[in-house]
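Residue-level structural notes
Chain by chain, the residues:
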There are 2 protein chains.
Amino acid sequence: MRLSRYFLPVLKENPAEAQIVSHRYMLRAGMIKQQAAGIYSWLPLGYKVLKRIEQIVHEEQIRAGHIPLLMPTLQPADLWRESGRYDDYGQEMLRIKDRHERDMLYGPTNEEMITDIFRSHVNSYKDLPLTLYHIQWKFRDEVRPRFGVMRGREFLMKDGYNFDLTKEDALHAYNRHMVSYLRTYERMGLTAIPMRAASGPIGGDNTHEFLVLASTGESEVFYDDRVTELKLGTRDVDYDNRAEVLGICDEFTSLYARTDETHDAAVFEQVPEAHRKVGRGIEVGQIFYFGTKYSESMGATVVTADGSRVPVEMGSHGIGVSRLLGALIEANHDDKGIIWPEGVTPFHCGIVNLKQGDAATDAACEGLYKALKAQGLDPLYDDRDERAGAKFATMDLIGLPWRITVGPRGLANGVVELTSRRSGESEEMSAEAAVARIAQIYADHP
Amino acid sequence: MRLSRYFLPVLKENPAEAQIVSHRYMLRAGMIKQQAAGIYSWLPLGYKVLKRIEQIVHEEQIRAGHIPLLMPTLQPADLWRESGRYDDYGQEMLRIKDRHERDMLYGPTNEEMITDIFRSHVNSYKDLPLTLYHIQWKFRDEVRPRFGVMRGREFLMKDGYNFDLTKEDALHAYNRHMVSYLRTYERMGLTAIPMRAASGPIGGDNTHEFLVLASTGESEVFYDDRVTELKLGTRDVDYDNRAEVLGICDEFTSLYARTDETHDAAVFEQVPEAHRKVGRGIEVGQIFYFGTKYSESMGATVVTADGSRVPVEMGSHGIGVSRLLGALIEANHDDKGIIWPEGVTPFHCGIVNLKQGDAATDAACEGLYKALKAQGLDPLYDDRDERAGAKFATMDLIGLPWRITVGPRGLANGVVELTSRRSGESEEMSAEAAVARIAQIYADHP
């Protein structure tokens, strides 16, 4: 993309309404615009990151054998009356009446609807196991929306639901979700730690939250800091292999890591003092096993091998897709702006033309731009007639991990400059070498 | 995807509520489930087609130089009070009050919000031209939703908005949209004819609708049937070349083609009788040029080169993404089910195992499945323990354009059978040849 033809409305001033760094940088980098309290437009740059995150979530869910579908945003109230949650849910549920005065609501979550889909179409244990998920906009009418997309009212969430015959099967589904989530966050460049959690309004016995450590997090967290060094890496997980999946879950949950809701000071005391850490965390996902809570109240049953009929064992599992943008920025920034991890960056690299209008420099930049595109890469070329300082400031603010700087002086020596946004380090090399290096970097970050 | 692990709840019976073939087949093929009047869940098969359509729309918009973003589903009523449409829009607008009793609405379209984004961030003619679009769920509270996704209440639409300095520039944007839409529909295997239309509640002088001919269409259409033979084909369009883009628009609009709203019997009479046709059509898109209607009322102005301030010239352009599934099926089916065009098929081909459980047949199917996946193709392998007849019926119903049938008799001769869903013709060949043929077919349908 050529910046002269893009829509990237960066702000020079710090917006007064933003209390935390991610909100401030998302506004300043022209990623979002507030349309009402807690309701945002995703401007082109923000939308690109949102799509990259969504894509990673999809890929990892499909890899785990989970099946995508899409439920609507509006739901009939009757489904929620069946489960008993219509009255339980407080004012956070946005209740709506249509033109025929029928009670509707903007879905805050989808346990009822997915259970309705299941009971309408599945009748036999032979159709199990089944995990269905979607990525769809939700609405929670928070009394005081704040922190930008971190606590918005209209937000994008991945929510998935497993249907299993036995508790053992459902716990395997739970574990499968834990592993797929670990891989999802890792691909985004995030360390998200699974922590035992309290269940809240969804209900459920087994539940873990995934927390990203950040000083602005809403939860206090207590952990053994060796947990932050665990990596799934490039292991090729067989999601049907129960022992393997369970082994990974054990590896990632055996070290102490809890939120204030489930913290146990006596157990925490047993962590060696050098590793005992207290901090804050941002919740970016949660998995639940809740058994037959919805299948019983809503009649989602299957016929078993012996002909009897049993309610299915279920769980639900969510990733806060839009919230992840905030969490990513909270965890990846400096005082100049955002520093995107390669897995989620909106553009793979930036090209800064130091002398726009100079025929040789323009031609070199064009050549570089086309060579990067020919490699399947998506560069942002700052071809505006602006000072170098302004171009650098924009690139630093929007946080592309790599920048190629092209100027007459370098070109005289046959080189361009490749700069890492994270380290700030620059290296001179030929344009061809810069293209090859960028291509290699992204080949290593699938 | 292995069918034994998929969620494809096909129905044997014709659902009583479906009055038209697309609605009937979408329900029978397990593509959608109604959750409330005019509100649907997109089950896995339907969701896949929806995503393929969305992907084509994105690719062609980006090719035309238009920039994606994403506006929220809910909007504050105040924006619509500014444009004067809050009171004009009737009961089709779903009005909502949040917990603080603020007036909100579920967006039926986005002229106001995009104009608000524009005026907040753009101040100079130098930032023009600009075309922004999104693909987002909309809501229109139809009094009698019907025909499945063809006239739903919650529906997915691509809507794009151009901002230009002059009327001439805005008309180029209009033409650019026409050409990009022609290519979009053609890639889906649809003949959608641009017809001069009346403007309706959006306002506007120049407007064309795109209609797909189908006997179940809601509009009566009058046309010179030579218009149905026009093809954009593989022309490499330069969307910045005004003359080229205009030339294509002239080519596709010079033959008579109008809806009943703009039909002129006297002009129609001049079409040679052999080519004069009256039929019905389904609207799948519309483009509008409306000048300064919203920019004036909402103060979206830019400073020009001479320092004066003028309201921007605008247009809005929509494609009915979810509705297209219905239109595609209306235009592509027979009495056995759907016949997907290659451009939008949910799976590239089906594999039918005639003797599930037979070691050699199972192995041949597995090999074929993996060979197709290795080519980047997405096959659906019917590995269920079912009769051949039931497997064929399912494949015919869900409409994959190509089916590979594998059985012990063919394998004894070293062949499988490749069948075209559209022609019904079969050909025997080696498994390798079948894979190569399918790969070639999709390479030719990008």
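Just so you know, these numbers come straight off a predicted model, no measurement behind them.

Criteria and cut-off values
- Residues numbered from 1 in each chain as written.
- Chains lettered and ligands numbered in written order.
- Predicted model: local features only at pLDDT ≥ 70, side-chain atom pairs only at ≥ 80, totals over all residues.
- Heavy atoms only, no water.
- Least-squares fit on C-alpha atoms with pLDDT ≥ 70 in both.
- Domains from an automatic or database assignment.
- Contact = heavy atoms within 4.5 Å.
- Salt bridge = Lys/Arg side-chain N within 4 Å of Asp/Glu carboxyl O.
- Polar contact = N/O pair within 3.5 Å; in protein donor to acceptor, adjacent residues only side chain to side chain.
- Helix = DSSP H or I, 4+ residues; strand = E, 2+ residues; numbered from the N terminus.
- Nonpolar A, V, L, I, M, F, W, Y, C, P; charged D, E, K, R; others polar.
- Axes fitted to C-alpha atoms, helices over the stretch in contact; angles between N-to-C directions.
- Parallel < 35°, antiparallel > 145°, perpendicular 65-115°, else oblique.
- Left-handed = near helix turned anticlockwise from the far one by under 90°.
- Pairing = 2+ DSSP bridges.
- Buried < 20%, exposed > 50% of the residue type's maximum accessible area, 1.4 Å probe, protein only.
- Phe/Tyr/Trp six-rings, centres within 6.5 Å; stacked < 30°, edge-to-face > 60°.
- Lys NZ or Arg CZ within 6 Å of the ring centre and 35° of its normal.
- 1 Å grid on protein atoms, 1.4 Å probe; cavity = no way out; pocket = protein on both sides within 12 Å on 5 of 7 lines; lining within 4 Å.
- Points joined across faces, edges and corners; volume = space filled by probe spheres on them.
- Buried area = accessible area lost by both parts, 1.4 Å probe.

So, the relation of the copies chain A and chain B
- You can overlay chain A on chain B at an RMSD of 0.0 Å; the transform is a turn of 180 degrees with a shift of 0.0 Å along its axis. Put plainly, the chains are arranged around a two-fold axis. When C-alpha positions in chain A are compared against the rotation axis, the closest is assigned to I96 of chain A, at 3.0 Å.

Comments concerning the domain arrangement of chain A
Residue and element names in this part refer to chain A.
- Its domain assignment divides chain A into domain 1 (3-338) and domain 2 (349-443).
- Here the C-alpha centre of domain 2 lies 37 Å away from the C-alpha centre of domain 1.
- Counting from both sides, the interface comprises 17 residues of domain 1 and, opposite them, 13 residues of domain 2.
- Our count for the contact surface shared by domain 1 and domain 2 stands at four salt bridges.
- Inspection of the region where domain 1 meets domain 2 yields ten residue pairs in polar contact (both at pLDDT 80 or more).
- Within the residue set of the side of domain 1 that touches domain 2, elements represented by two or more residues are α1 (21-28), α2 (44-63) and β18 (337-338).
- The element contributing the most residues to the side of domain 1 that touches domain 2 is α2, with three residues.
- Here the residues of the side of domain 1 that touches domain 2 sort into nine nonpolar, three polar and five charged.

A closer look at the packing of helix α6 (residues 167-187) of chain B against helix α7 (residues 242-253) of chain B
Residues and elements named next belong to chain B.
- Interaxial distance between α6 and α7 falls to 9 Å at its minimum, and their mutual angle equals 60 degrees. When the axes of α6 and α7 are compared, the pair comes out oblique. The chirality of how α6 crosses α7 is left-handed. In contact with E168, D169, H172, N175, R176, M178, V179 and L182 of α6, α7 contributes R242, V245, L246, I248, C249, F252 and T253.
- Residue composition of the contact of α6 with α7, grouped by class: eight nonpolar, three polar and four charged.

Some points on the sheet that holds strand β22 (residues 416-420) of chain B
Residue and element names in this part refer to chain B.
- Strand order in the open sheet made by the five strands is β20-β19-β21-β22-β23, with mixed pairing throughout. Taken across any chain shown, the strands that pair with only one partner, and hence form the sheet edges, are β20 (379-382) and β23 (426-429). When the angles between neighbouring strand axes are averaged without regard to direction, this sheet yields 20 degrees.
- Across four bridges, the pairing between strand β21 (residues 402-406) and β22 is antiparallel.

A short note on helix α10 (residues 321-331) of chain A
- In terms of burial, α10 of chain A is largely enclosed, as ten of its eleven residues are buried.
- When α10 of chain A is considered as a whole, its buried residues turn out to be V321, S322, R323, L324, L325, G326, A327, L328, I329 and E330 of chain A.

Quick word on the side chain of T304 of chain B
Residues and elements named next belong to chain B.
- Relative to the helices and strands, T304 resides in the loop between β14 (301-303) and β15 (309-311).
- With a relative accessible area of 13%, T304 lands in the buried category.
- At 2.5 Å, the side chain of T304 and the side chain of D306 are in polar contact.
- Apart from the residues within four sequence positions on either side, T304 is in contact with Y125, L165 and V310.

Here's the deal with the packing of aromatic side chains
- The final tally for this structure, using the stated rule, is 25 aromatic pairs over all chains.
- Seen from their ring centres, W80 of chain A and Y89 of chain A are 5.6 Å apart, and the 80 degrees between their planes marks the pair as edge-to-face. Here the two residues W80 of chain A and Y89 of chain A agree in accessibility, since each one is buried.
- Each member of the aromatic cluster is reached from another via a ring pair, and the members are Y106 and F139 of chain A together with Y106 and F139 of chain B.
- Sitting above the plane of the Y86 of chain A ring, R81 of chain A keeps its charged end 4.6 Å from the centroid.

Notes on unusual backbone geometry
Residue and element names in this part refer to chain A.
- Between L128 and P129 the backbone carries a cis peptide bond, its omega angle lying at -5 degrees.
- Here P129 shows up in the loop between α5 (111-121) and β7 (130-139).
- One non-glycine residue with positive phi stands out, namely E101, at about 65 degrees.
- Turning to its location among the elements, E101 is positioned in the loop between β5 (94-97) and β6 (103-106).

Quick look at empty space enclosed by the protein
- Overall, the coordinates contain five cavities of 30 Å³ or more when judged by the stated rule.
- Volume-wise, the largest cavity comes out at about 250 Å³.
- Every residue lining the largest cavity is counted, 18 residues in all, and those nearest its centre are K51, E54 and W137 of chain A together with E54 and W137 of chain B.
- Put simply, the parts of the chain that give the lining of the largest cavity at least two residues each are α2 and β7 of chain A together with α2 (44-63) and β7 (130-139) of chain B.
- A breakdown of the residues in the lining of the largest cavity according to their chemical character gives twelve nonpolar, two polar and four charged.

Regarding the sheet that holds strand β6 (residues 103-106) of chain B
All names here are of chain B.
- Pairing in this open sheet of three strands is antiparallel, and the strands run β4-β6-β5 from one edge to the other. At either end of the open sheet lies a strand with only one pairing partner, and these are β4 (74-76) and β5 (94-97). Averaged over all adjacent pairs, the angle separating strand axes in this sheet is 35 degrees, with direction ignored.
- By the bridge criterion, three bridges tie β4 to β6 in an arrangement that is antiparallel.

Brief notes about the interface of chain A and chain B
- At the interface, 57 residues of chain A touch 57 residues of chain B.
- Both sides together, the interface formed by chain A and chain B hides about 4,900 Å², and carbon and sulfur atoms give 60% of it.
- When the buried surface of chain A facing chain B is broken down by residue, F7, L70 and R99 of chain A rank first, second and third, together holding 15% of it.
- Here K33 of chain A makes a salt bridge to D116 of chain B, at a shortest N to O gap of 3.4 Å.
- Where chain A packs against chain B, one counts 26 residue pairs in polar contact (both at pLDDT 80 or more).

Here we look at the pairing of strand β19 (residues 349-353) of chain A
Residue and element names in this part refer to chain A.
- Of all five residues that make up β19, five are buried, and the element is covered over most of its length.
- Burial of the side chains of β19 extends over both faces: C349, I351 and N353 are buried on one face and G350 and V352 on the other.
- The sheet contact formed by β19 and strand β20 (residues 379-382) spans four bridges and is parallel. Pairing of C349 across the sheet is with P379, part of β20.
- Inspection of the sheet shows β19 paired to strand β21 (residues 402-406) by four bridges, in the parallel sense. For G350, the partnering residue across the bridge sits in β21 and is R403.

Quick notes on the pattern of salt bridges
All names here are of chain A.
- For the structure shown, the criterion picks out 66 salt bridges over all chains.
- A salt bridge links R421 to D334; the nearest nitrogen and oxygen atoms lie 2.8 Å apart. Taken together, the positions of R421 in the loop between β22 (416-420) and β23 (426-429) and D334 in strand β17 (residues 333-334) put the pair 87 residues apart, joining distant regions of the chain.
- Where salt bridges share partners, they join E59, E60, R63, R183 and R187 into one cluster.

What to know about the side chain of Q75 of chain A
Residue and element names in this part refer to chain A.
- Along the chain, the position of Q75 falls in strand β4 (residues 74-76).
- Classification of Q75 by relative accessible area gives buried; the value is 0%.
- Polar side-chain contacts of Q75 include one of 2.6 Å to the side chain of W80.

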